[in-house]
Structures are given as structure tokens and as C-alpha cells.
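# Topology and contacts: notes
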Amino acid sequence: MSKDDEYDYLFKVVLIGDSGVGKSNLLSRFTRNEFNLDSKSTIGVEFATRTIQVDGKTIKAQIWDTAGQERYRAITSAYYRGAVGALLVYDIAKVSSYENVNRWLKELRDHADSNIQIMLVGNKSDLKHLRAVSTEEAKNFAAENGLTFIETSALDSSNVEPAFQKILTEIYRVVSNNALKAGESAGAPKVNAGTTITLNNAVDTSKKPSGGCC
Amino acid sequence: MLVSVAELNSKAIRFKKFEALLEQPIVDMDQLKKLSWMGVPEEIRHTVWKLLMGYLPTNSTLREKILAQKRGEYDDYVQQQFSDEGKAGLDQALVHQIHIDILRTNSNIPLYQSTVIQESLERILYIWAIRHPASGYVQGINDLATPFYQVFLQSCVSDDVERTDVSLISKETLNQVEADTYWCLTRLLDGIQDNYTHAQPGIQRQIVRMKELINRIDGQLYAHFQKEGVEFIQFAFRWMNCLLMRELPLKSTIRMWDSYQAEGIEALSEFHLYVCAAFLVKWSAELKKMEFQDIIQFLQAAPTASWGDRDIELLLSEAFMWKALFGSSPQHLKNNNPNQ
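Just so it is clear, the structure is predicted and the values come from calculations on it, not from any experiment. (Residues numbered from 1 in each chain as written. Chains lettered and ligands numbered in written order. Predicted model: local features only at pLDDT ≥ 70, side-chain atom pairs only at ≥ 80, totals over all residues. Heavy atoms only, no water.)

### Quick look at the overall build of chain B
Of the regular secondary structure elements, chain B holds 17 helices and zero strands. A globule of 340 residues ought to have a C-alpha radius of gyration of about 20 Å, and chain B, at 21 Å, matches this closely. Relative to its full complement of 340 residues, chain B shows a buried share of 55%. Mean positive and mean negative side-chain charge positions of chain B (34 and 43 charges, respectively) differ by 5 Å. (Helix = DSSP H or I, 4+ residues; strand = E, 2+ residues; numbered from the N terminus. Rg over C-alpha atoms; globule rule 2.2 N^0.38 Å. Buried < 20%, exposed > 50% of the residue type's maximum accessible area, 1.4 Å probe, protein only. Lys, Arg positive; Asp, Glu negative; His and termini not counted. Charge placed at Lys NZ, Arg CZ, Asp CG, Glu CD.)

Here it is, written out as C-alpha cells:
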């Protein structure tokens, strides 16, 4: 088994959004460079990781992919706790998945840490002829709600890498800022493997090195 | 694969025993269950399953009548919902959810790529959902419909149903398979409905019990999971929600359901708990060497692609053993400390 635990930061990120918008394929594209048109529906929660570099630091993203169907909300919302980032995904060809973004934001407000970084992701940008949500509209909505915004295609892989890079970089900035403010004594991020970062207290020292963060 | 003469003989003997049982005017269900536990021959599986599910009456003289009645009843439901007038009243969000799930159901098996089969499965799920509003359609129930569908359809074709030419099957036959699947799925779900109601309490309970069971069966593995921060819900939720179907090849599930039905459909979740425990303990040696993320990723994609009936039978007998050991004394499994 791989032991790639040489990292400076471990960030927990969740993927949320309506059923069928392509959350699982975004994740498999980012973590394994795979896309599967017929991938099975996600039941409950699934998990994958990938390590990237930001500002010379090694950041490990622990990404939890959630089932989109309403019935699973009670199960999946438990995974928001401790998440420092969320990708809220809709399908640019399906208006209802965009209209539901507000409901998903409320889910996050109710269950996630208040400082969670949220990125609005319009997926399936390859479906140009079926587009039902304009880029402008989603961009404006994101700006009004303080979210970052990007359009992606897990199928042709456009913008998938930048999307994850961007949110992980943002999380890193917030965390390092918090750490600066908090001062060294209050537990600024140290370069040691397995430090789980939460935004409320820059370093969560209660977690053991190798364990999960939820 | 080489099959020994002895094996062929014992298969033939078993088949004869089944035949003798099924020919009785009133089928001895205890005998049928006993025999089915060890696996049901494919040629007669459709009839045996319908009996075990309580869909066909044990009294052979009543069977034709009951079957016609049930199939007629289902046809009425279909007419109400899917006739030209009825279609306008369909719940579009539900139709969509079921449709996108059926498109990605068993996508590795040609049978399920057929539009005719997909539409048939969609009708079953839609009708079940609107007639069971307490839970409604929940993702994963789509998987549970397919073993019935496949077994019943297999009895109507001469080649392997997974790659059969659907266009050669008559509409009437398909309608019957659809109706029979609907009723057997309904029976199955009746016993586990609280797996699918709000917050899915049935599954939550099962997971707590499984955790306790593992603590007793394999304390080292339990301790290792504790140390690594692995929560049972992180991997076992899907095992309960889809009855391990996502973990196993469909043909293995079908073999497994011979024994599940023989255990008694009322006892299904009870027995399934022990099967899940056996399934986890199977990988104990590997898992104990892994860290959190490797454990979760391993269990999300357990290496069962090449499993055959023998692997399933081993799993089932282990589960049977655990159940005999711990099941008769439920006190052993009582949760004294809910926070444990």
C-alpha cells in the first residue's frame, strides 16, 4: 500500500450538488484522470485523495463525494463537519440543478463550518448545444454570494485541474493567514505530516497523525 | 473449467430433489428452504424464488390463478400511470431520478443497455415508489430489482440472458417478467423498508450492530479501525443500502439470494448483517496493515471481480457460523454503551 503521507497540509473537501451533475466523474478525473459515462450512482459517500503543490507546500486533498439524492442528505451532511472546502456542482444543461444551488448553500450553512471555502462549479461544459444556464448568470450569482466560480467538463477534462487547484490554493491562503494572525504559539501550521487543518483553529492538534479527519 | 464426474452427479441428484419437491401438490417449504440454502439450479430458480418470496402459493392448484391475478393487478397499475392520459400526471422529478439511475445500472452487462429493458425497470421502480410514499424511490433500489428481473427473464430465453437478443422476446413475456419482478421486489422491500425512510434508521441500526459484532469476532481489526479513525458508516452504509450488490458481480448476488431467501425473507437483514461481517473479516489481514485512506479506498472497491459461486458459498457459511454463534444469544450483541 502506498504511504504518501509526506505532506504539509491535509484538507478535507466535499463534493455536493444534485444527482447526476457529474460529481463522481469530476473526482475520478481529478484523482485518477478517469471518466466513466456509466459510472454507478453514489450511495452515501465515497472517498478519494490527491496531493498537489501550492507555493512549494505539499497539500493533500481528502475529497468526499456525496450522493445527490435528497434522501441521503441526513447521511451526507455529517461529512460537512471539518471540511474546509466544498465544490457545489450543477449541470449547465439542467436548469433545476442550478436552481437547487440555493438549497445546497443552505445545507452548507446549516452543517458546515462557517469559514468553509465554496466554489460553484458548472459542469458538463462540453454540452454546448444543450446549455441551459448562462456563464454570466452563474458568475454573477457566485459573486453576489461570495463564491468562486468555474465551468468544467469532467468528460473532456477542461478546467478540472484548475478548479481543484484554485479551491485548494484558496483554502491554503485562508489557513496560512489565520495561522499568521493566530501567531506561532497558538499553533501555526507546522511542516509535519498528518496535520489536519480546520478553519476555526488553524491546527487541529487533537487529531492523530494517520487518522481520518472526520 | 473442469468439472468432475462426482460433481456432475451430485448436481444431478440435487436437481432431482428439487424437481420432486416442486411436483408435490403442496410444496414442503421447510424442505425447499433447506435445499435452496445450498444454491438453486438455474433451470428452476425462477419458480423456487417465487415460492420462497411467497409470491407463488405452495398449493400447486392455486398457482395459475394467483399468478394471473397478480399480473393483472400490476397491469392495471401500469395502465393508470403510463397510459396516454395517465402520463401527464407523472411526477417528473421522480421519473428523472429513476431514469438517470437506470441508465447507469449494470452498465457492464449488455441486457441492461436495451431500451426496452430499461423502460420496464423504470416502470417497476416508479410504481413501487408512488405506492410506498413513506420511503419513495431511493438510489440503490434500482440495483435490488435486477436479480429478480434477470432470473425471471432467464427462464424465458435459451441463451445467457445477460447477452440475449431482447427483440426476440415477446411483449407478453416481458410484461409477465416485469409484473413478477415488481411483486417480488415489493416483498423484499417490505422487510427492509426502514432502510429507506428518512435518515435511514434501519441502516444506522445495522451498522451499530455490525460494529459490535466485529468487536467480538475480530477485536484486532476493530481496534485498528478505532486507531485509524475509520467509522463503519464510511464503508458499510452502501453494503446495507444495496445488500452488497455494489461489492459483488451480479451472478454472485443471485447465488447469494438463494440462501437469503432460504433464510426467510423476514430474516433477511439479520442474516445480511452476518454476511457483511464475514465480508469485512475476509480482508482482515490486509486491512490491518493499512492506514485510514487505504482502508476506505480498499473497501470501496473490494477485489471481488473474479468471484464465483464458491467464494460466495464460503462467505455464506462463515456468516451462518457467526449467526449460530452470536445470533441465538442476542444479549451478546446488545449495545450497552451507545457511544462506544
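### A short note on the nonpolar core
It is characteristic of soluble globular proteins that their nonpolar side chains tend to be buried jointly. The biggest cluster of nonpolar side chains holds 147 residues, and the ones touching the most others in it are Met210 and Leu280 of chain B. Looking at this core, you find at least three residues from each of domain 1 (43-191) and domain 2 (201-333) of chain B. With near-sequence residues (within four places) excluded, Met210 of chain B lies in contact with Phe232, Phe235, Ala236, Trp239, Met240, Leu273, Cys276, Ala277 and Leu280 of chain B. One finds Ile63, Met119, Val160 and Ile171 of chain A within the second-largest nonpolar core, a separate group that totals 29 residues. (Core = buried A, V, L, I, M, F, W, Y, C linked by side-chain atoms within 4.5 Å. Domains from an automatic or database assignment. Contact = heavy atoms within 4.5 Å.)

### Overview of the UniProt feature "domain: Rab-GAP TBC" (unreviewed entry) in chain B
Mapped onto the present numbering, the UniProt feature "domain: Rab-GAP TBC" (unreviewed entry) falls on residues 39-264 of chain B. Within residues 39-264 of chain B, the helical portion is 67% and the strand portion 0%, while the C-alpha atoms at the span's ends are 14 Å from each other. (UniProt positions renumbered as here; feature names shortened; annotations may be inferred.)

### As for the environment of Glu107 of chain A
Residue and element names in this part refer to chain A. Examined against the element boundaries, Glu107 turns out to sit in helix α4 (residues 101-111). Taking the C-alpha atoms as reference points, Glu107 and Ala67, separated by 40 residues in sequence, lie 14 Å from one another. Each residue touching Glu107, except ones within four places of it in the same chain, is listed here: Arg73, Ser77, Tyr80 and Ala112.

### What about the sheet that holds strand β4 (residues 85-91) of chain A?
Two modes of strand pairing occur in sheets, parallel and antiparallel, and in both the strands are linked by backbone hydrogen bonds. Overall, mixed pairing links the six strands, which are arranged β2-β3-β1-β4-β5-β6 (chain A) in an open sheet. Looking at which strands have only one partner, the edges of the open sheet turn out to be β2 (45-54) and β6 (148-151) of chain A. Put simply, the sheet's adjacent strands are angled 25 degrees from each other on average, direction ignored. Against the sheet, helix α16 (residues 292-300) of chain B makes contact with β2 and β3 (57-66) of chain A, and its axis sits at roughly 135 degrees relative to β2 of chain A, the strand it touches most. (Pairing = 2+ DSSP bridges. Axes fitted to C-alpha atoms, helices over the stretch in contact; angles between N-to-C directions.)

### Topic: the pairing of strand β1 (residues 9-17) of chain A
Side-chain direction in a regular strand flips from residue to residue, so the side chains alternate between the two faces of the sheet. All names here are of chain A. Among the nine residues that make up β1, nine are buried, leaving the element largely enclosed by the rest of the structure. Of the two faces of β1, the one carrying Tyr9, Phe11, Val13, Leu15 and Gly17 and the one carrying Leu10, Lys12, Val14 and Ile16 are both buried. Relative to β3, β1 runs parallel, the two sharing seven bridges. Bridge pairing in β3 links Val14 to Trp64. With five bridges joining them, β1 and β4 adopt parallel strand pairing.

### Some details on the side chain of Ser252 of chain B
By the element assignment, Ser252 of chain B lies in helix α13 (residues 250-263). Those residues in contact with Ser252 of chain B that sit more than four places away from it in its chain are Trp307, Gly308 and Ile312 of chain B.

### Focus: the interface of chain A and chain B
Each partner contributes to the interface: chain A provides 36 residues, whereas chain B provides 40 residues. Taken together, chain A and chain B are joined by one salt bridge. A salt bridge links Glu46 of chain A to Arg238 of chain B; the shortest N-O distance between them is 2.9 Å. Scanning the region where chain A abuts chain B turns up 14 residue pairs in polar contact (both at pLDDT 80 or more). Of all the secondary structure elements, the ones that give two or more residues to the side of chain A that touches chain B are β2, β3 and α2 (73-76) of chain A. The dominant element in the side of chain A that touches chain B, judged by the number of residues it contributes, is β2 of chain A, at five residues. Of the residues assigned to the side of chain A that touches chain B, the class counts are 12 nonpolar, 14 polar and 10 charged. (Salt bridge = Lys/Arg side-chain N within 4 Å of Asp/Glu carboxyl O. Polar contact = N/O pair within 3.5 Å; in protein donor to acceptor, adjacent residues only side chain to side chain. Nonpolar A, V, L, I, M, F, W, Y, C, P; charged D, E, K, R; others polar.)

### Digging into the packing of helix α3 (residues 42-52) of chain B against α13 of chain B
Residues and elements named next belong to chain B. In contact at an axis separation of 10 Å, α3 and α13 are set at 35 degrees when each is read in the N-to-C sense. In this structure, α3 crosses over α13, and the sense of that crossing is left-handed. Note on element contacts: α13 touches α3 through Ile254, Arg255, Trp257, Asp258, Gln261 and Ala262, opposite Arg45, Trp49 and Leu52. By residue class, the composition of the contact of α3 with α13 is five nonpolar, one polar and three charged. (Left-handed = near helix turned anticlockwise from the far one by under 90°.)

### Details of the pattern of salt bridges
Counting across every chain of the model gives 25 salt bridges over all chains. Here Asp101 of chain B and Arg104 of chain B are joined by a salt bridge, their closest N and O atoms 2.9 Å apart. Each member of the pair, Asp101 of chain B as well as Arg104 of chain B, is classed as buried. As a salt-bridge pair, Arg238 of chain B and Glu247 of chain B come within 2.8 Å of each other at their nearest N and O atoms. Taken together, the salt bridges that share partners define one network made up of Glu46 of chain A together with Arg238 and Glu247 of chain B.

### Some remarks on the packing of aromatic side chains
Residues and elements named next belong to chain B. Enumeration according to the criterion identifies 33 aromatic pairs over all chains in this entry. Ring centres of Trp37 and Phe320 lie 5.3 Å apart, and the angle between their planes is 75 degrees; this geometry places the pair in the edge-to-face category. Pair noted here: Trp37 is in helix α2 (residues 29-37) and Phe320 is in helix α17 (residues 309-327), with a separation of 283 residues, a long-range link. Ring centres 5.9 Å apart and planes at 70 degrees place the aromatic pair Phe279 and Trp307 in the edge-to-face group. With a gap of 28 residues between them, Phe279 in helix α14 (residues 268-282) and Trp307 in the loop between α16 and α17 connect regions that are remote in the sequence. Here Phe279 falls in the buried class, since its relative accessible area comes to 0%. For Trp307, a relative accessible area of 10% corresponds to the buried category. Ring pairing ties together the aromatic residues Tyr222, Phe225, Phe232, Phe235, Trp239, Phe279, Trp283, Phe298 and Trp307, which thus form one cluster. (Phe/Tyr/Trp six-rings, centres within 6.5 Å; stacked < 30°, edge-to-face > 60°.)

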